[in-house]
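# Reading the structure
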Amino acid sequence: QVQLLESGGGLVQAGGSLRLACKASGRTFSSYAIGWFRQAPGKEREFVATIRWSGGSTYYAESVKGRFTISRDNAKNTVYLQMNSLKPEDTAVYYCAARDSRVIVTTASLYDYWGQGIQVTVSS
């Protein structure tokens, strides 16, 4: 069974940085795509970034492009989301998700497995 465990969230001032990690287990993920989503209070879950495990192709939401970087460490079965130049509007619960396909997509309903989520709070 696939398990995803997020870590690295917390409180940071605007302009600061955080690095989220998503530790994946229970499967060989070479044929998977991994995505990060976020959900702020009162808002729908939105796509942030995604990466194809094999080959490393990436795609970002326009709102984070140039500030966030998604990467993976094959040896550790871990996907990272480096978040720089954080803004108060980045405050949300961040979720890691896995999709059993090499095709990277931005629609949450197309992902098969989800982590519990982790809080990121950016103060102004």
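Residues numbered from 1 in each chain as written. Predicted model: local features only at pLDDT ≥ 70, side-chain atom pairs only at ≥ 80, totals over all residues. Heavy atoms only, no water.

### Re the pattern of salt bridges
- This structure, assessed with the given rule, holds four salt bridges.
- Glu-46 is the salt-bridge partner of Arg-38, the closest N and O atoms lying 2.5 Å from each other.
- Classification of Glu-46 by relative accessible area gives partly exposed; the value is 35%.
- The shortest N-O distance in the salt bridge between Asp-90 and Arg-38 comes to 2.9 Å. Taken together, the residues Asp-90 in the loop between strand S8 (78-83) and strand S9 (92-99) and Arg-38 in strand S4 (residues 33-39) connect sequence positions 52 residues apart.
- Within this structure, Arg-38, Glu-46, Arg-67 and Asp-90 form a network of salt bridges that share partners. (Salt bridge = Lys/Arg side-chain N within 4 Å of Asp/Glu carboxyl O. Buried < 20%, exposed > 50% of the residue type's maximum accessible area, 1.4 Å probe, protein only. Helix = DSSP H or I, 4+ residues; strand = E, 2+ residues; numbered from the N terminus.)

### Here's the deal with the nonpolar core
- Ranked by size, the top nonpolar core spans 37 residues in total, and within it Trp-36, Leu-81, Met-83 and Tyr-94 carry the most contacts.
- Contributions of two or more residues to this core are made by strand S3 (18-25), S4, strand S5 (46-52), strand S7 (68-73), S8, S9 and strand S11 (118-123).
- Counting residues per element, this core draws most heavily on S9, at five residues.
- Apart from residues lying up to four places away in sequence, Leu-81 is in contact with Leu-18, Arg-19, Leu-20, Trp-36, Val-48, Ala-49, Phe-68, Thr-69, Ile-70 and Tyr-94. (Core = buried A, V, L, I, M, F, W, Y, C linked by side-chain atoms within 4.5 Å. Contact = heavy atoms within 4.5 Å.)

### So, unusual backbone geometry
- Despite not being glycine, Asn-77 has its phi angle at roughly 55 degrees, a positive value.
- Looking at the secondary structure, you find Asn-77 in the loop between S7 and S8.
- The phi dihedral of Ser-85 is positive, around 50 degrees, even though this residue is not glycine.
- Within the secondary structure, Ser-85 sits in the loop between S8 and S9.

### Some points on the layout of surface pockets
- Of the voids in this model, the largest pocket is the one considered here, and its volume is about 200 Å³.
- In terms of lining residues, the largest pocket is bounded by 14 residues, among which Arg-38, Ala-40, Lys-43, Glu-46 and Glu-89 are the most central.
- Here the lining of the largest pocket is built from residues that sort into four nonpolar, three polar and seven charged. (1 Å grid on protein atoms, 1.4 Å probe; cavity = no way out; pocket = protein on both sides within 12 Å on 5 of 7 lines; lining within 4 Å. Points joined across faces, edges and corners; volume = space filled by probe spheres on them. Nonpolar A, V, L, I, M, F, W, Y, C, P; charged D, E, K, R; others polar.)

### Side note on the sheet that holds strand S1 (residues 3-7)
- Pairing is antiparallel in the open sheet, where four strands are placed in the order S1-S3-S8-S7. Both edges of this open sheet fall to S1 and S7, since each of them pairs with a single strand only. For this sheet, the mean inter-axis angle between neighbouring strands, taken without regard to orientation, is 15 degrees.
- With six bridges connecting them, S7 and S8 associate as antiparallel partners. The partner of Phe-68 across the bridge, within S8, is Met-83. (Pairing = 2+ DSSP bridges. Axes fitted to C-alpha atoms, helices over the stretch in contact; angles between N-to-C directions.)

### Considering the environment of Phe-37
- Tracing the backbone shows Phe-37 in strand S4.
- In this structure the C-alpha to C-alpha distance between Phe-37 and Met-83, which are 46 residues apart in sequence, comes to 13 Å.

### Section: the packing of aromatic side chains
- Applying the stated rule across the entire model yields eight aromatic pairs.
- Summarising the aromatic geometry, the rings of Phe-37 and Phe-47 are spaced 5.8 Å apart at their centres and angled 75 degrees between planes, so their arrangement reads as edge-to-face. Highlighted residues: Phe-37 in strand S4 and Phe-47 in strand S5, separated in sequence by 10 residues. The residues Phe-37 and Phe-47 share a single accessibility class, namely buried.
- For Arg-45, the ring lying beneath its charged end belongs to Tyr-95, and the centroid distance is 3.8 Å.
- Here the basic side chain of Arg-45 rests over the ring of Trp-114, its NZ or CZ set 4.8 Å away from the ring centre. (Phe/Tyr/Trp six-rings, centres within 6.5 Å; stacked < 30°, edge-to-face > 60°. Lys NZ or Arg CZ within 6 Å of the ring centre and 35° of its normal.)

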